[in-house]
Each structure stands twice: as C-alpha cells, then as structure tokens.
Amino acid sequence: GENVEQHPSTLSVQEGDSAVIKCTYSDSASNYFPWYKQELGKRPQLIIDIRSNVGEKKDQRIAVTLNKTAKHFSLHITETQPEDSAVYFCAAQRSNDYKLSFGAGTTVTVRA
Amino acid sequence: SAVISQKPSRDICQRGTSLTIQCQVDSQVTMMFWYRQQPGQSLTLIATANQGSEATYESGFVIDKFPISRPNLTFSTLTVSNMSPEDSSIYLCSVLGQGITGELFFGEGSRLTVL
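The paragraphs below set out a description of the structure included in this document. The model shown is predicted, which means the values in this text are computed figures rather than measured ones.

A closer look at the side chain of Thr80 of chain A
All names here are of chain A.
Then, number 1: Positionally, Thr80 belongs in the loop between strand 8 (72-77) and strand 9 (86-94).
Then, number 2: Residue class for Thr80 comes out buried when judged on its relative accessible area of 2%.
Then, number 3: At a separation of 3.3 Å, a polar atom in the side chain of Thr80 contacts the main-chain carbonyl oxygen of Gln14.
Then, number 4: Residues within four places of Thr80 in sequence aside, it is in contact with Val13, Gln14, Glu15, Gly16, Asp17, Ser18, Ala19, Arg61 and Val110.

Here it is, written out as structure tokens:
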C-alpha cells in the first residue's frame, strides 16, 4: 500500500516568517495530494490539494508544490500568523482508490 | 460540502464495556468512513461503511471489535467493543464530497477515554 512520510514533526516559526512542510510518497500510481489542517480540539479540514497533472497550486498565503519524479510534495505557508498554529497532515491517494494515506502530521507553532 | 454530526462528543468508559458512536450526515453520501486518531497521532482508517452490506475493514481492524452499521446513505454507527485503555482515542466519521477523489469531510470526533 501507499506509504506517506512527513517532515518535520514539529515546526516553530516567528510570526511573519514562512513555514515549509515536506512529504514523500511511495506509490507512483498516486495522483491526488491533499493537505489538512487540524486546530486543537477540532476536526481536520482541507486547506489545499493538488493533482498530479500540475506542479504547483497557490491559494493566498498557502501553496503546494509537487514533484512527481521524486515523489514528493510540499506545503508552503508565507507570512505566518498565530491562527496558522495547528497540526498539518499531508495525504496521498491512488487513482481509482477512494482511500487516503495520511502522513504523521506536523505541529506548527507560530510565535508572536 | 457536507455537515456531519457525531455523538457522543466525548465519553469516559469502563474497561470491558462497549460504546456506540453515531454519525449523521445532512445529505446522502456514497462513501462514509471511520477513522481513529490516537493521542498525538495521525489519522488511521478503520473501515469503510457500506450501505446495505458489511463494512470493509483495514488491516489490523476486525468486525468483532469494531462492528459498523450503515442502514442508509446518511447514517452510520461504530461500536467499540470490550474496550481497554488502548482504545482511548478520538474516533472520526468522514465522508467523501464527490466521486472517489475529492475533499474528505470529517465529523467533530468522539473522544473516548477508557479507564
């Protein structure tokens, strides 16, 4: 099955700085890569996703890049704010398979 | 989008007992799942709840321990049977927004503590 590795496990950044989280996947058949944000005590929520036919996608302060050859994808948060503090999970899904494989998560803390 | 209601939101249970978690969705959905999130850990898929048939369990999860019902396209239950402290987790119901590739919507979760 698909194996998704996520780094780092924790990340502390100064408010206004950028944060980068990296994930690698093992199955070359994976073609959908979402990112979920889980605030403390809340449900995970989708913040951005990318499909294998594009290399980059941006939505305001967040962006995701995908390198299919290297089988890795990254989440970039610019101009971080205290409300960005949360656990972020990457995930991968193979084509024609409804199941998502999640990474271990990254706890992001934005220092004011 | 889908609005998912789960109950109970939290419970404290005694070892050896069973607890049933309910999941109600505000619209009919084809794909419904149950996840477990152990403290400080990632999301692990327990099973896919199939309407009108037996659930499909992932490796490491069995029907006797986690029986699931899915009587219709808007409702499912997960029972955690014969609980032990190792079952202390958050259990999350989730649904796929569309097709088989797309946004996964989660319920708020049910936080179980087993003493």
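The rest of the description comes next.
Let's talk about the pairing of strand 2 (residues 10-14) of chain A
Walk down a regular strand and you will see the side chains alternate between the two sheet faces.
Residues and elements named next belong to chain A.
Then, number 1: Of the two faces of strand 2, only one is covered, namely that formed by Leu11 and Val13; the face formed by Thr10, Ser12 and Gln14 stays uncovered.
Then, number 2: Across five bridges, strand 2 lies against strand 11 (residues 106-111) in parallel orientation. The partner of Leu11 across the bridge, within strand 11, is Val108.

Some points on the state of the cysteines
Residues and elements named next belong to chain B.
Then, number 1: Overall, the coordinates contain two disulfides over all chains when judged by the stated rule.
Then, number 2: With its sulfur 1.9 Å from that of its partner, Cys23 forms a disulfide with Cys93. Classification of the bridge connecting Cys23 and Cys93 rests on its S-S torsion, roughly -65°, and on that basis the disulfide is left-handed. With Cys23 in strand 3 (residues 19-25) and Cys93 in strand 9 (residues 89-96), this residue pair connects regions lying 70 residues apart in the sequence. There is no split in this pair, since Cys23 and Cys93 are both buried.
Then, number 3: Cys13 takes part in no disulfide bond, and the closest cysteine sulfur to it belongs to Cys23, at a distance of 18 Å.
Then, number 4: Taking the relative accessible area as the measure of exposure, Cys13 reaches 5% and is therefore buried.

Some thoughts on the interface of chain B and chain A
One frequent convention defines the size of an interface as the accessible area lost when the parts assemble.
Then, number 1: Taken together, the contact pairs 21 residues of chain B with 19 residues of chain A.
Then, number 2: Of the roughly 1,700 Å² buried between chain B and chain A, counting both surfaces, carbon and sulfur atoms make up 53%.
Then, number 3: In this structure, the connection of chain B to chain A is made through two salt bridges.
Then, number 4: Measuring nitrogen to oxygen at the nearest pair gives 2.7 Å for the salt bridge that ties Glu108 of chain B to Arg43 of chain A.
Then, number 5: At the junction of chain B with chain A, the criterion picks out seven residue pairs in polar contact (both at pLDDT 80 or more).
Then, number 6: When contributions to the side of chain B that touches chain A are tallied by element, the ones reaching two or more residues are strand 4 (32-37), strand 5 (44-49), strand 9 and strand 10 (104-106) of chain B.
Then, number 7: Of the residues that constitute the side of chain B that touches chain A, the class distribution is 11 nonpolar, seven polar and three charged.

Examining the layout of surface pockets
Then, number 1: The calculated volume of the largest pocket comes to roughly 570 Å³.
Then, number 2: In terms of lining residues, the largest pocket is bounded by 28 residues, among which Gln38, Leu40 and Gly41 of chain A together with Gln37 and Ile90 of chain B are the most central.
Then, number 3: Mapped by element, the contributors of at least two residues to the lining of the largest pocket are strand 9 and strand 11 of chain A together with strand 11 (110-114) of chain B.
Then, number 4: Its residues assigned to classes, the lining of the largest pocket comprises eight nonpolar, 15 polar and five charged.
Then, number 5: Reported here for the second largest pocket is a volume of approximately 370 Å³.

A closer look at the sheet that holds strand 8 of chain A
Residue and element names in this part refer to chain A.
Then, number 1: Strand order across the open sheet formed by five strands is 1-3-8-7-6, with antiparallel pairing between neighbours. Looking at strand neighbours, the two that pair on one side only are strand 1 (4-7) and strand 6 (56-59), the edges of this open sheet. Geometrically, the sheet is characterised by an average inter-axis angle of 15° between neighbouring strands, direction not taken into account.
Then, number 2: The pairing of strand 1 with strand 3 (residues 19-25) spans four bridges and is antiparallel. Pairing of Val4 across the sheet is with Tyr25, part of strand 3.

Let's talk about unusual backbone geometry
Residue and element names in this part refer to chain A.
Then, number 1: With an omega of -5°, the peptide bond running from His7 to Pro8 counts as cis.
Then, number 2: Here Pro8 lies in the loop between strand 1 and strand 2.
Then, number 3: One non-glycine residue with positive phi stands out, namely Gln60, at about 55°.
Then, number 4: Position of Gln60 relative to the elements: it lies in the loop between strand 6 and strand 7 (62-67).

Cut-off values and rules
Residues numbered from 1 in each chain as written. Chains lettered and ligands numbered in written order. Predicted model: local features only at pLDDT ≥ 70, side-chain atom pairs only at ≥ 80, totals over all residues. Heavy atoms only, no water. Helix = DSSP H or I, 4+ residues; strand = E, 2+ residues; numbered from the N terminus. Buried < 20%, exposed > 50% of the residue type's maximum accessible area, 1.4 Å probe, protein only. Polar contact = N/O pair within 3.5 Å; in protein donor to acceptor, adjacent residues only side chain to side chain. Contact = heavy atoms within 4.5 Å. Pairing = 2+ DSSP bridges. Disulfide = S-S within 2.5 Å. Buried area = accessible area lost by both parts, 1.4 Å probe. Salt bridge = Lys/Arg side-chain N within 4 Å of Asp/Glu carboxyl O. Nonpolar A, V, L, I, M, F, W, Y, C, P; charged D, E, K, R; others polar. 1 Å grid on protein atoms, 1.4 Å probe; cavity = no way out; pocket = protein on both sides within 12 Å on 5 of 7 lines; lining within 4 Å. Points joined across faces, edges and corners; volume = space filled by probe spheres on them. Axes fitted to C-alpha atoms, helices over the stretch in contact; angles between N-to-C directions.

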